[in-house]
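Close look at the chain arrangement
The residues making up each chain are set out below.
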Amino acid sequence: MIDKEKLGVNKLVHNTLSDCDLYVIEDKEGKTYLLFVFNNYFKIMPAYPGKWDCEESLYRPFGLFGFVFEGEDINEKIKKKLEELKSAGL
């Protein structure tokens, strides 16, 4: 599903949580991002201190949501959102 090579990142670690899947991403510059993947949408954000869980991620003010429809490549959408976060300095 999520492909490290397509995202162009150094590390990608997958964790299955109760309500979503969490991917911890380390980019080429060594910055860490959290990717929470739900059924038809995802949220990507800079890593934050504390407990990383699905519900908490929805209430964090930083980060971007993306929506995935049938037949679309989630990797391209994630990559675009990751680039937007970087360009915003996050």
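Here the structure is a predicted model, which is why all the values come from computation and not from measurement. (Residues numbered from 1 in each chain as written. Predicted model: local features only at pLDDT ≥ 70, side-chain atom pairs only at ≥ 80, totals over all residues. Heavy atoms only, no water.)

1. Some words on the overall build of the chain
Counting its regular elements, the chain contains three helices and five strands. Each helix and strand of the chain, ordered N terminal to C terminal, gives the series α-β-β-β-β-α-β-α. In summary, the chain has a C-alpha radius of gyration of 12 Å against a globular reference of 12 Å for 90 residues, a match within 12%. For the chain, the C-alpha atoms occupy an extent of roughly 30 × 25 × 20 Å along the three principal directions. Counting over 90 residues, the chain shows a buried share of 33%. (Helix = DSSP H or I, 4+ residues; strand = E, 2+ residues; numbered from the N terminus. Rg over C-alpha atoms; globule rule 2.2 N^0.38 Å. Buried < 20%, exposed > 50% of the residue type's maximum accessible area, 1.4 Å probe, protein only.)

2. Brief notes about the pattern of salt bridges
Applying the stated criterion across every chain, the model contains five salt bridges. Across the pair lysine 86 and aspartate 27 runs a salt bridge whose closest N-O atoms are separated by 3.3 Å. Linking lysine 86 in helix α3 (residues 74-87) with aspartate 27 in the loop between β2 (21-26) and β3 (32-37), this pair joins segments that are 59 residues apart in sequence. Here aspartate 27 falls in the buried class, since its relative accessible area comes to 2%. Arginine 60 serves as the salt-bridge partner of glutamate 56, at 3.2 Å between the closest nitrogen and oxygen. Take glutamate 56: its relative accessible area is 32%, and that puts it in the partly exposed class. Sharing partners across several salt bridges, the network here consists of Asp27, Glu29 and Lys86. (Salt bridge = Lys/Arg side-chain N within 4 Å of Asp/Glu carboxyl O.)

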